[in-house]
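Coordinates in review
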Amino acid sequence: MQPVHAATQSDYWKLYAHLKIVDSEQYKCFDWIITKESRWNSNARNGSHYGLGQMRSTWYKNLDP
């Protein structure tokens, strides 16, 4: 038997993105960018950059991921 994998918050963000981006090539590009920017951590912060996409806006910081 395979061990059960508990879904993490990043798994849910990836699933949501995959539902919105149907084209697999576009999703692969999006996944690469978000992984590079925040490793799918919605609470990521780098100086004045926030969230999954590391946007530089306090408005973006307060959005629901």
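Residues numbered from 1 in each chain as written. Predicted model: local features only at pLDDT ≥ 70, side-chain atom pairs only at ≥ 80, totals over all residues. Heavy atoms only, no water.

We now examine helix 2 (residues 24–38). With 15 residues, helix 2 extends 21 Å from end C-alpha to end C-alpha; this agrees with the ideal 21 Å at 1.5 Å per step. Among the residues of helix 2, Y27, I34 and S38 are the ones counted as buried. Looking straight down helix 2, one finds its buried side chains confined to an arc of 35°; they lie on one side. Turned more than 90 degrees away from the buried face of helix 2 sit W32 and K36, all of them exposed. Backbone geometry just downstream of helix 2 places R39 in the positive-phi region, at approximately 55°. (Helix = DSSP H or I, 4+ residues; strand = E, 2+ residues; numbered from the N terminus. Expected span 1.5 Å × (residues − 1). Buried < 20%, exposed > 50% of the residue type's maximum accessible area, 1.4 Å probe, protein only. Arc of directions from axis to C-beta.)

What follows is about the packing of aromatic side chains. Applying the stated criterion to the full structure yields one aromatic pair. Both rings, one in F30 and one in W40, keep their centres 5.9 Å apart while their planes meet at 75°; by these two values the pair is edge-to-face. Placement of the pair is F30 in helix 2 and W40 in the loop between helix 2 and strand 1 (45–46), with a sequence separation of ten residues. Since its relative accessible area comes to 4%, W40 is described here as buried. (Phe/Tyr/Trp six-rings, centres within 6.5 Å; stacked < 30°, edge-to-face > 60°.)

It is worth spelling out the packing of helix 1 (residues 9–20) against helix 2 at this point. Viewed as axis vectors pointing N to C, helix 1 and helix 2 meet at an angle of 145°, and their least axial separation amounts to 10 Å. Crossing angle aside, the handedness with which helix 1 passes helix 2 is right-handed. Taking contact as the criterion, the partners of K14, A17 and H18 in helix 1 are, on helix 2, Y27, F30 and D31. Here the contact of helix 1 with helix 2 is built from residues that sort into three nonpolar, one polar and two charged. (Axes fitted to C-alpha atoms, helices over the stretch in contact; angles between N-to-C directions. Left-handed = near helix turned anticlockwise from the far one by under 90°. Contact = heavy atoms within 4.5 Å. Nonpolar A, V, L, I, M, F, W, Y, C, P; charged D, E, K, R; others polar.)

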